[in-house]
Amino acid sequence: MDQNTNKSRATQSLVLCDFCNEEITVLYCRADSAKLCLFCDQHVHSANALSRKHLRSQICDNCSSQPVSVRCSTDHLVLCQDCDWDAHVSRSLSTTHECCPVEGFSGCPSALELDSIWGFDLADKKYAMQLPQSRVP
């Protein structure tokens, strides 16, 4: 298969935000049954106290349509319940892969708070970006 075919398939699997229909979706809101980009999630869920209570989670890395329930550290993926079943349980990989449950979140967390929820380390990167270039290790 050539590179253009692979690129085309990858583009087809990306899901656009239900609100703006422009950016790639990264979050799923159960209350609204909506797939949202980070900007629209912030916009929609900061509107009022009721919307801030909506439980949201990342979108599955595999199917790009369902909320995640598991983080697989072995494969560096977050998966919905169905994709986790297909990838781990049905193939008996659950004993060899390091997986942990993923909790949803509510409110309007900042990028650094999402970083903590999702297990990234943006704080160190932010600090490194603020240092003059001669100080960056």
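Residues numbered from 1 in each chain as written. Predicted model: local features only at pLDDT ≥ 70, side-chain atom pairs only at ≥ 80, totals over all residues. Heavy atoms only, no water.

By the naming in an unreviewed UniProt entry, the chain goes by B box-type domain-containing protein and is assigned to Nelumbo nucifera.

Caption draft 1: Spatial organisation of unusual backbone geometry. The residue N21 is not glycine, and still its phi comes out positive at about 55°. With respect to the helices, strands and loops of the structure, N21 is situated in the loop between helix 1 (3-13) and strand 1 (27-29). A relative accessible area of 53% means that N21 is categorised as exposed. The residue S64 is not glycine, and still its phi comes out positive at about 60°. Structurally, S64 can be placed in the loop between strand 3 (56-58) and strand 4 (70-72). (Helix = DSSP H or I, 4+ residues; strand = E, 2+ residues; numbered from the N terminus. Buried < 20%, exposed > 50% of the residue type's maximum accessible area, 1.4 Å probe, protein only.)

Caption draft 2: The arrangement of the pattern of salt bridges in detail. Taken as a whole and judged by the stated rule, the model has one salt bridge. Here R56 and D41 are joined by a salt bridge, their closest N and O atoms 2.6 Å apart. One end of the pair, R56, is in strand 3; the other, D41, is in helix 2 (residues 38-45), and 15 residues separate them in sequence. Judged on exposure class, the residue R56 and its partner D41 are both buried. (Salt bridge = Lys/Arg side-chain N within 4 Å of Asp/Glu carboxyl O.)

Caption draft 3: Broad picture of helix 4 (residues 111-118). Looking at helix 4, one finds that the buried residues are L114, D115 and W118. Along the axis of helix 4, the buried residues cluster in a sector spanning 110°; they form a single face. Backbone geometry just downstream of helix 4 places G119 in the positive-phi region, at approximately 80°. (Arc of directions from axis to C-beta.)

Caption draft 4: Here's a closer look at the sheet that holds strand 3. A sheet is described by the order of its strands in space; here three strands give the open sequence 2-1-3, paired in antiparallel fashion. Of all the strands in the sheet, just strand 2 (34-36) and strand 3 have a single pairing partner and so form its edges. Neighbour-to-neighbour, the strand axes of this sheet turn through a mean angle of 30°, independent of strand direction. Here three bridges tie strand 1 to strand 3, and the two strands are oriented antiparallel to one another. Bridge pairing in strand 3 links C29 to R56. Strand contacts of helix 2: strand 1, strand 2 and strand 3, with the helix running at about 120° to strand 2, the strand carrying the most contacts. (Pairing = 2+ DSSP bridges. Axes fitted to C-alpha atoms, helices over the stretch in contact; angles between N-to-C directions. Contact = heavy atoms within 4.5 Å.)

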